[in-house]
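What the coordinates show
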Amino acid sequence: QIVVIGGGVMGVCSAYFLAEAGHQVAVVEQRSNVAEQSTLGNSGILSTGAALPWSVPGMRRKILAGMFNQEAPNVLNARFNPALWRWMRRWLAESEIQRFRSHTHQMQRLASYSQELLEQIQQHFQLDFEQNLGLLRLLRSEAELAALAPVQELLTECGVVHTLLDDAAVRLQEPALAGAGKLAGGLYFPDLGSGNCTLFTKQLKAILQGLGVQFHFDSQVTAIVPQGDQVGLHIDGNVLMADAVVCAAGSASAQLLRPLGLRLPLHAIKTYTATAAVKNYEVAPQMAVLDDTYQVTMARIGARMRLAGIAEFGAQDMSFDDKALRTLLKVAHDWFPDAANFNSASFWCGHTPMLADEVPLIGHTGASNVFVNIGHGGSGWSMALGAAKVLADQICGRIPEVDLDGLTVARYR
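Quick look at the structure, then. These figures come from a predicted structure and were not determined experimentally.

Looking at the secondary structure, you find Ser-47 in the loop between β2 (25-28) and α2 (59-66). In this view, Ser-47 contacts Gln-115, Leu-135, Phe-189, Asp-191, Leu-192, Gly-193 and Ser-382; residues no more than four positions away in its chain are not counted.

Shown next as structure tokens:
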């Protein structure tokens, strides 16, 4: 009997592979359904080409420059606290080139593995979650093009299929960019580019219910207490016993795991999305797009376009920052001004849990029969199935098909 804490895409994917392996599985979620927190505001990006750390070489300079711009990919909130400042110092240190390379390799192993698993599940269950092929990473200037060379070399090392395109080739690849402003070029990734993460998670939930997985909604876990060969979960004044527990509770995970002796540099970064109805399909993009300057993604999700990005540091509330919203809309108007009703877009903000090194944490915590699957950051869906399969293999005593170096709790021990 295994209990998974968290009904986001990580928790549901974890439950899927555990149930497939023959375990009796229950999912405990504090909201009234799956995919109602971070997963609800997912960017929709699935491409392995986007599974890169946010803390890239030169990040300190980029954050400082963004403080003085009206539109920027990062927002520094004035309400700093010592814990956040310590986390940011550690996070920025991870942008050093060798660390960036190491983290990219670790993320790419999971993202590539996830793509394989997604294709298998999609074909087996005939899923349709509004997916589209292809991702274009747009480069506005020659300086961006030159700076991308080391990243392109790194992607080649990781086996990520991609093609460097000039301005004309980018517009041929995505005709909706025909009337857009000047481009220095772009990187094209032909793999599965985008989809509806919320819909996918709910489809997987329906499959799990058919496998006998139980879902307990409106139930908040306040403590994880190992008791001999079992684990007790404190839920709304009651104690639920299980043979093992998987913590996939996003931002709440650090607090739940601290009493077990696991102190993690996990911080919730506020991110934003804008979703607008497509009005002119002939000038709306068919594939996902990433603006390299502003780190804003644009994805077609059925009859809507979703813009996502902006990292706001230091904000604990759920209010909208004007600078963040301006940046999202600016990018949309720069590339696809007539594609959707951007002026009447619906906005969302939420907190994305991120470890300082941005590499997921998967496997045994060191406490009896307590496991984790957390810290996937902004590329969570791209790595979700791979991380969940690796986790299930560890719990089942099987050797995972992915190298675990740098992915386990050992890096914090």
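If you walk through the whole model with that rule in mind, you get 2 cavities of 30 Å³ or more. Roughly 50 Å³ of internal volume is contained in the largest cavity. As for the largest cavity, its lining consists of Leu-46, Ser-114, Gln-115, Leu-118, Trp-381, Ser-382 and Leu-385. Taken together, the elements giving at least two residues each to the lining of the largest cavity come down to α4 (97-125) and α11 (380-396). Of the residues contributing to the lining of the largest cavity, the split by class is 4 nonpolar, 3 polar and no charged. Size it by volume and the second largest cavity reaches roughly 40 Å³. Considering the residues around the second largest cavity, the lining is formed by Leu-52, Trp-54, Met-107, Met-354, Glu-358, His-376, Gly-377, Gly-378 and Ser-379. Grouping the constituent residues of the lining of the second largest cavity by class yields 4 nonpolar, 4 polar and 1 charged.

Another point: the packing of aromatic side chains. Following the criterion strictly, the structure yields 11 aromatic pairs and no others. With centroids separated by 6.3 Å and ring planes inclined at 80 degrees, the aromatic side chains of Tyr-16 and Phe-125 adopt a geometry described as edge-to-face. One end of the pair, Tyr-16, is in helix α1 (residues 9-20); the other, Phe-125, is in helix α4, with 109 residues separating them in the sequence. Among the residues examined, Tyr-16 registers a relative accessible area of 5% and is labelled buried. Classification of Phe-125 by relative accessible area gives partly exposed; the value is 30%. Ring plane angle 70 degrees and centroid distance 5.3 Å describe the contact between Phe-129 and Phe-200, whose orientation is recorded as edge-to-face. Here Phe-200 lies in helix α8 (residues 197-210) and Phe-129 lies in the loop between α4 and β4 (132-139), a separation of 71 residues in the sequence. With relative accessibility at 0%, the residue Phe-129 sits in the buried group. Taken together, the ring pairs in this structure connect Tyr-16, Phe-17 and Phe-125 into an aromatic cluster.

Rules and cut-offs
- Residues numbered from 1 in each chain as written.
- Predicted model: local features only at pLDDT ≥ 70, side-chain atom pairs only at ≥ 80, totals over all residues.
- Heavy atoms only, no water.
- Helix = DSSP H or I, 4+ residues; strand = E, 2+ residues; numbered from the N terminus.
- Contact = heavy atoms within 4.5 Å.
- 1 Å grid on protein atoms, 1.4 Å probe; cavity = no way out; pocket = protein on both sides within 12 Å on 5 of 7 lines; lining within 4 Å.
- Points joined across faces, edges and corners; volume = space filled by probe spheres on them.
- Nonpolar A, V, L, I, M, F, W, Y, C, P; charged D, E, K, R; others polar.
- Phe/Tyr/Trp six-rings, centres within 6.5 Å; stacked < 30°, edge-to-face > 60°.
- Buried < 20%, exposed > 50% of the residue type's maximum accessible area, 1.4 Å probe, protein only.

It is worth stressing that arrangement in space is one thing and function is another; only the former is reported here.
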